[in-house]
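# Chain and residue survey
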Amino acid sequence: QLLACGDFFQLPPITERVPAATWGRLLGAKLRECRAVLPSGIEQTERELFLNRGFAFQAAAWWRADMMMIELSRVWRQKDAELVATLNRIRCGDAR
């Protein structure tokens, strides 16, 4: 069993871009496997780069896993109903 949890209404992940000059040095065969591997140093040791591509739910593997989604909706930290409603609107992009 696997339990994955998180709050996707938080700030988005930090994505680092691979410099254009680096793309040409990546190993083509590894790129076809969706891996970014860069030969490094005198011995040309293979070093795999981590390519943060965004939220976990944006990955194809997330959807292939066919997980059961459960959304928790009870707010524990705030007791003011109007504040909770305002925060929920803001989280969903409605800042009225």
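Notes on the structure in this doc start here. (Residues numbered from 1 in each chain as written. Predicted model: local features only at pLDDT ≥ 70, side-chain atom pairs only at ≥ 80, totals over all residues. Heavy atoms only, no water.)

## Quick notes on the environment of Phe-55
This is how it is decided: The helix and strand labels rest on DSSP assignments: H or I over at least four residues marks a helix, E over at least two residues marks a strand, and numbering proceeds from the N terminus. Burial here depends on accessible area, computed with a 1.4 Å probe over protein chains only, as a share of the maximum for the residue type. Under 20% is buried, over 50% is exposed, and the range in between is partly exposed.
Summarising the element assignment, Phe-55 is placed in the loop between strand 2 (45-49) and helix 3 (60-64). On the basis of relative accessible area, Phe-55 is assigned to the buried category, the value being 19%. Distance from Phe-55 to Phe-8, taken between C-alpha atoms, is 7.8 Å for residues 47 residues apart in sequence.

## Quick notes on the pairing of strand 2
Each regular strand shows side chains that alternate between the opposite faces of the sheet. We apply this condition: Only strands that DSSP links by at least two bridges are regarded as paired with each other.
When strand 1 (residues 36-40) meets strand 2, the two strands line up antiparallel, connected through five bridges. Its bridge partner lying in strand 2, Pro-39 is registered against Glu-46. The antiparallel hairpin formed by strand 1 and strand 2 contains four residues in its connecting segment, where Gly-41 sits at a positive phi of about 80 degrees.

## Brief notes about unusual backbone geometry
Phi at Gln-44 takes a positive value of approximately 55 degrees, unusual for a residue other than glycine. Counting through the fold element by element, Gln-44 comes out in the loop between strand 1 and strand 2. The phi torsion at Asp-66 lies on the positive side, around 50 degrees, for a residue other than glycine. If you trace the backbone, Asp-66 turns up in the loop between helix 3 and helix 4 (81-91).

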